[in-house]
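# Architecture and fold: a report
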Amino acid sequence: MTAKQTALVTGGSRGIGRAIVEALAKDGWAVAFTWRSDEAAARAVEAAAPGSRAFLLDLQDRARPAALVAEVESCLGLIGALVNNA
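Heads up: these notes are all about the structure in this document. (Residues numbered from 1 in each chain as written. Predicted model: local features only at pLDDT ≥ 70, side-chain atom pairs only at ≥ 80, totals over all residues. Heavy atoms only, no water.)

Turning to the overall build of the chain, a few remarks are in order. Secondary structure assignment for the chain yields three helices and four strands. For the chain, the α and β elements follow one another from N to C terminus as β-α-β-α-β-α-β. The C-alpha atoms of the chain give a radius of gyration of 12 Å, which matches the 12 Å a tight globule of 86 residues would have. Across its three principal axes, the chain shows a C-alpha extent of roughly 35 × 25 × 20 Å. Across the 86 residues of the chain, 34% fall into the buried class. (Helix = DSSP H or I, 4+ residues; strand = E, 2+ residues; numbered from the N terminus. Rg over C-alpha atoms; globule rule 2.2 N^0.38 Å. Buried < 20%, exposed > 50% of the residue type's maximum accessible area, 1.4 Å probe, protein only.)

This is the structure:
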């Protein structure tokens, strides 16, 4: 990879999602990941995976996905990859 790209991982605060976030960050990606119910776990992932950033996502809020994409792209750059793990 020649330029830092941004990946979005849904459900990235635990389990397989967390492992994906950590692997992408290790490979040099800027990683946005979502969490819904455990902010402490999300902050732990941010600490373990430099270059990652947690974003709250509750799909009951139907406007949130579009706002999330805009927020991620504003903070980290255009999304070049999506892992729909949630």
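Next up on the list: the pairing of strand S4 (residues 79-84). Counting buried residues in S4 gives zero out of six residues, a small share hidden from the surface. When strand S1 (residues 6-10) meets S4, the two strands line up parallel, connected through five bridges. Each bridged residue has a counterpart across the sheet, and for Thr6 the counterpart in S4 is Ile79. (Pairing = 2+ DSSP bridges.)

Moving on: the layout of surface pockets. In this structure, the largest pocket spans a volume of roughly 430 Å³. In this structure, the largest pocket is lined by 19 residues; those nearest its centre are Gly11, Thr34, Arg36, Leu57 and Ala86. Going through the elements one at a time, S1, strand S2 (30-35) and helix H3 (64-76) are the ones with two or more residues in the lining of the largest pocket. Classifying every residue of the lining of the largest pocket by side-chain character gives eight nonpolar, seven polar and four charged. (1 Å grid on protein atoms, 1.4 Å probe; cavity = no way out; pocket = protein on both sides within 12 Å on 5 of 7 lines; lining within 4 Å. Points joined across faces, edges and corners; volume = space filled by probe spheres on them. Nonpolar A, V, L, I, M, F, W, Y, C, P; charged D, E, K, R; others polar.)

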